[in-house]
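# Structural description and commentary
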Amino acid sequence: MSGDSDCTRTSPSAGSPSDNELLPDRPKYVCSLSPDLITKAREELQEKPEWRLRDVQALRDMVCKDYPSLGTCLDDAFLLRFLRARKFDYDRALQLLVNYHTCRRTWPEVFSNLKPSAIKPVLESGFVTVLPRRDPEGRHVVCIRPDRWTPSNYPITENIRAIYLTLEKLIQSEETQVNGIVILADYKGVSLSKASHFGPFVAKKVIGILQDGFPIRIKAVNIINEPRIFKGIFAIIKPFLKEKIANRFFLHGCDLNSLHQKIPPVILPEEYGGTAGKLDISAWNELLLASEEDFLHDFSQLVLPCDSSPHDMLVSGDADEKQCDDSLRGMKPQLYYCY
């Protein structure tokens, strides 16, 4: 269903029976949050269960009024992700939704043919996985291991595609929408040649998605085994980070005790001094690959009509690329110095 037709059929009205007959059939939202999470969502996200569907409808009406050709899914559960990610601020949730679509439409190398089977080699490499158990705050831990990537096998954008699909799967859970996630990045063995693939242009795109273009709450980023070269990598990343996110980066070096203060050993694999056995990537890979049809259905609803283009785009075009290329030339000496 196109964005135009959906919005036309759901525009605000007096709610007469004849109007209601025009409404499209959408899945009825059923809250899956526990009583404790409902309380947490109320306290941290300003979510009031008694107003939840009213808030969703308000966002839906704003989309139809301001972006009638956005081509977005308008289901309650989908829109609720964006409201929770922006603490039920309608304007900020709307901008996040627009950014979400803009990011997808301005980076075809990442978002074309995006499905689990297309990134199977990345999954099999173990570049990204999710630990089986949540942390004490109820947050999934996303484990990223750049040393598992061989640049000659496929470009860095394939890794980004795998991370994005992982986040899309995680955010389907209402528990994750409320609790957020934690990232554990192991930079063991990252060389200068590998780091050079992650220049300012890619960094800006990725951080733009994570900060302003995806409805997920990143509560902590734990970096382990970072080599000296990471100073250069972080120098590329930091200018694009908001202060709140930058303050959630924790660099542990080789100090596992420091890591254990942020992530308890009971949920960590042996590779990181934990007691949860060897790191097993198979369970997450199987779950993601088994979700292929769900992704194809969900993404099919996110279609941009060929005669429309959302304004206020988060990611611009050639000017930003040129600026980032210039920045990369300036950063290379710093990378070599750190190395």
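Residues numbered from 1 in each chain as written. Predicted model: local features only at pLDDT ≥ 70, side-chain atom pairs only at ≥ 80, totals over all residues. Heavy atoms only, no water.

Topologically, Asp 186 is positioned in strand S3 (residues 181-186). One buried charged residue, Asp 186, remains without a salt bridge, the closest side chain of opposite sign being Arg 145 at 6.1 Å. (Helix = DSSP H or I, 4+ residues; strand = E, 2+ residues; numbered from the N terminus. Buried < 20%, exposed > 50% of the residue type's maximum accessible area, 1.4 Å probe, protein only. Lys, Arg positive; Asp, Glu negative; His and termini not counted. Salt bridge = Lys/Arg side-chain N within 4 Å of Asp/Glu carboxyl O.)

Quick look at the sheet that holds strand S5 (residues 249-251) now. If you trace the five strands from one edge of the open sheet to the other, you get S1-S2-S3-S4-S5, paired in mixed fashion. Of all strands in the sheet, those bounded by a partner on one side alone are strand S1 (128-130) and S5. Across this sheet, the average inter-strand angle for adjacent strands is 20 degrees, counted without regard to direction. Of the pairings in the sheet, the one linking strand S2 (residues 140-144) to S3 comprises five bridges and is parallel in character. Within S3, the position partnered with Cys 143 by the bridge is Leu 184. On the sheet, helix H9 (residues 156-170) packs against S1, S2 and S3 and is oriented at approximately 15 degrees with respect to S1. (Pairing = 2+ DSSP bridges. Axes fitted to C-alpha atoms, helices over the stretch in contact; angles between N-to-C directions. Contact = heavy atoms within 4.5 Å.)

This brings us to the pairing of S3. Most of S3 sits inside the fold, with six of its six residues counted as buried. Along S3, one buried face is formed by Ile 181, Ile 183 and Ala 185 and the opposite face, lined by Val 182, Leu 184 and Asp 186, is buried too. Pairing of S3 with strand S4 (residues 218-224) involves six bridges; the strand directions are parallel. Bridging across to S4, Asp 186 finds its partner in Ile 224.

For the pair helix H4 (residues 52-66) and helix H6 (residues 90-105), the least separation of the axes is 10 Å and the interaxial angle reads 55 degrees. Judged on the interaxial angle alone, H6 and H4 are oblique. For the crossing formed where H4 meets H6, the hand is right-handed. Across from Arg 54, Asp 55, Ala 58, Leu 59, Met 62, Val 63 and Asp 66 in H4, the residues of H6 making contact are Tyr 90, Asp 91, Ala 93, Leu 94 and Leu 97. Per-class residue counts for the contact of H4 with H6 are eight nonpolar, no polar and four charged. (Parallel < 35°, antiparallel > 145°, perpendicular 65-115°, else oblique. Left-handed = near helix turned anticlockwise from the far one by under 90°. Nonpolar A, V, L, I, M, F, W, Y, C, P; charged D, E, K, R; others polar.)

It is worth spelling out the packing of aromatic side chains at this point. Per the counting criterion, the structure on display carries 10 aromatic pairs. Centroid distance Phe 230 to Phe 234: 5.9 Å. Interplanar angle 25 degrees. Geometry classified as stacked. On the criterion of helical spacing, the pair formed by Phe 230 and Phe 234 is a turn pair, its members being four residues apart in helix H13 (residues 230-237). Under the relative-accessibility criterion, Phe 230 is labelled buried at 2%. Taken together, the ring pairs in this structure connect Phe 78, Phe 82, Tyr 100, Phe 111, Tyr 164 and Phe 214 into an aromatic cluster. The ring of Phe 299 has Arg 104 sitting right over it, with the charged end atom 4.3 Å from the ring centre. Against the face of Phe 250 rests Lys 262, its NZ or CZ located 4.0 Å from the ring centre. (Phe/Tyr/Trp six-rings, centres within 6.5 Å; stacked < 30°, edge-to-face > 60°. Lys NZ or Arg CZ within 6 Å of the ring centre and 35° of its normal.)

Tracing the chain through its elements places Leu 33 in the loop between helix H2 (17-20) and helix H3 (35-45). C-alpha of Leu 33 to C-alpha of Val 178: the two residues are 145 residues apart in sequence and 9.0 Å apart in space. Apart from residues lying up to four places away in sequence, Leu 33 is in contact with Ile 38, Glu 47, Arg 84, Glu 174, Glu 175 and Val 178.

Inspection of the secondary structure assignment puts Asp 76 in helix H5 (residues 76-85). A polar atom in the side chain of Asp 76 sits 2.4 Å from the side chain of Arg 60. Sequence-distant contacts of Asp 76, that is, excluding residues within four places in its chain, are made with Tyr 29, Leu 53, Val 56 and Arg 60. (Polar contact = N/O pair within 3.5 Å; in protein donor to acceptor, adjacent residues only side chain to side chain.)

Let's shift gears to the nonpolar core. Membership of the largest hydrophobic core comes to 79 residues, with the highest contact counts inside it found for Phe 78, Trp 107, Ile 181, Phe 198, Phe 214, Ile 233 and Leu 241. When residues of this core are sorted by domain, at least three fall in each of domain 1 (35-106) and domain 2 (117-295). Aside from chain neighbours lying at most four places away, what touches Phe 198 is Ile 156, Ala 203, Val 206, Ile 233, Ile 236 and Ile 237. Judged by nonpolar contacts, the second largest core, of 13 residues, contains Val 141, Leu 184, Ile 267 and Tyr 272. (Core = buried A, V, L, I, M, F, W, Y, C linked by side-chain atoms within 4.5 Å. Domains from an automatic or database assignment.)

It is worth spelling out the packing of H5 against H6 at this point. Put simply, H5 and H6 touch, their axes get as near as 8 Å, and they point 120 degrees apart. What the angle tells us is that H5 and H6 run oblique. For the element pair H5 and H6, the recorded crossing hand is right-handed. For the pair H5 and H6, the contacting residues are Phe 78, Leu 79, Phe 82, Leu 83 and Ala 85 in the first and Tyr 90, Ala 93, Leu 96, Leu 97 and Tyr 100 in the second.

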